[in-house]
Amino acid sequence: RLGAFICLEAMKRVKERGGKNGVFVSTTVGEETMGRGAKAAADQIKPTCSIIVDVTYASDIPYRENLTNPVSLGKGPALTKGGTINKQMEKLIKKAADRLNINVQYEVACSRTYTDLDDIYYRQEGIPSYLISIPLRYMHSAVEVCNYKDVEEIIELITEFIMSLDEDTD
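Residues numbered from 1 in each chain as written. Predicted model: local features only at pLDDT ≥ 70, side-chain atom pairs only at ≥ 80, totals over all residues. Heavy atoms only, no water.

1. Some points on the overall build of the chain
Phase 1 of the analysis: Each helix and strand in the chain was counted, giving five helices and four strands.
Phase 2 of the analysis: Counting from the amino terminus, helix and strand elements in the chain follow one another as α-α-β-β-α-β-α-β-α.
Phase 3 of the analysis: Here the chain has a C-alpha radius of gyration of 15 Å; the compact-globule value for 170 residues is 15 Å, and the two agree.
Phase 4 of the analysis: C-alpha extents for the chain along the principal axes are approximately 45 × 35 × 30 Å.
Phase 5 of the analysis: Expressed as a percentage of contacts within the chain between residues at least 6 apart in sequence, the contacts between residues at least 24 apart total 78%.
Phase 6 of the analysis: Placing the 21 positive and 25 negative side-chain charges of the chain at their respective mean positions leaves the two points 0 Å apart. (Helix = DSSP H or I, 4+ residues; strand = E, 2+ residues; numbered from the N terminus. Rg over C-alpha atoms; globule rule 2.2 N^0.38 Å. Contact = heavy atoms within 4.5 Å. Lys, Arg positive; Asp, Glu negative; His and termini not counted. Charge placed at Lys NZ, Arg CZ, Asp CG, Glu CD.)

2. Description of the nonpolar core
Phase 1 of the analysis: Ile6, Ile132, Leu157 and Ile158 are the most contacted members of the largest nonpolar core, which has 32 residues in total.
Phase 2 of the analysis: Looking at this core, the elements with two or more residues in it are helix H1 (2-16), helix H2 (36-45), strand E1 (50-57), helix H3 (87-99), helix H4 (116-121), strand E4 (129-136) and helix H5 (148-164).
Phase 3 of the analysis: Looking at which element gives the most residues to this core, the answer is H5, with seven residues.
Phase 4 of the analysis: When sequence neighbours within four positions are dropped, the list of residues in contact with Ile6 reads Val53, Ile134, Val151, Ile154, Ile155 and Ile158. (Core = buried A, V, L, I, M, F, W, Y, C linked by side-chain atoms within 4.5 Å. Buried < 20%, exposed > 50% of the residue type's maximum accessible area, 1.4 Å probe, protein only.)

3. Observations regarding the environment of Val25
Phase 1 of the analysis: Here Val25 shows up in the loop between H1 and H2.
Phase 2 of the analysis: Measuring from C-alpha to C-alpha, the distance between Val25 and Ile85 comes to 19 Å, with 60 residues separating the pair along the chain.

4. Some remarks on unusual backbone geometry
Generally, phi is negative for residues other than glycine and the peptide bonds are trans, each holding for most cases.
Phase 1 of the analysis: At Lys46, a residue that is not glycine, the phi angle is positive and equals roughly 55°.
Phase 2 of the analysis: Topologically, Lys46 is positioned in the loop between H2 and E1.
Phase 3 of the analysis: The exposure class assigned to Lys46 is exposed, which follows from its relative accessible area of 53%.
Phase 4 of the analysis: Within the chain, Tyr138 stands out as a residue other than glycine whose phi angle is a positive 60°.

5. Some thoughts on the pattern of salt bridges
Phase 1 of the analysis: For the coordinates displayed, the defined rule picks out 11 salt bridges.
Phase 2 of the analysis: In this structure, the salt-bridge partner of Asp98 is Lys94, at a minimum N-O distance of 2.6 Å. With a gap of four residues between them, Asp98 and Lys94 both fall in helix H3, about one helical turn apart.
Phase 3 of the analysis: A relative accessible area of 42% means that Asp98 is categorised as partly exposed.
Phase 4 of the analysis: For Lys94, a relative accessible area of 29% corresponds to the partly exposed category. (Salt bridge = Lys/Arg side-chain N within 4 Å of Asp/Glu carboxyl O.)

Listed below in structure tokens is the structure:
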């Protein structure tokens, strides 16, 4: 739900700032199993590129510190490095973060990300895709915790990235 809020808020801000790019938001289910929602959305929309927003485990609590990439609440969006991550999108998103003075953290996805990125990336001829994650404590529990600053920075980062795209962007 938080990812949906982030994407819809970014879409609203792009419109308010006079964005000229077509922006579609799809909220899907089944990303860790069949990926049916992302596959259907990608096939219907046929996007030029896609940004996936999901959560990642924060490692800034005692029992998680050695289990994942070092990701903490309040230290910015978690950007992803890995084989299915589009390198040009990665550069453009990092440049957008630099322009906005947003600190970022990194997580590594060696093969699969276990998010909608996996299903969108392999559609059609290969859709350039990028994963931005929300640092989250206590995932899959009734007391999940995130930091509002991270949420706001992800919204601004996505907005800035979309606004930076034009017909000459490769």
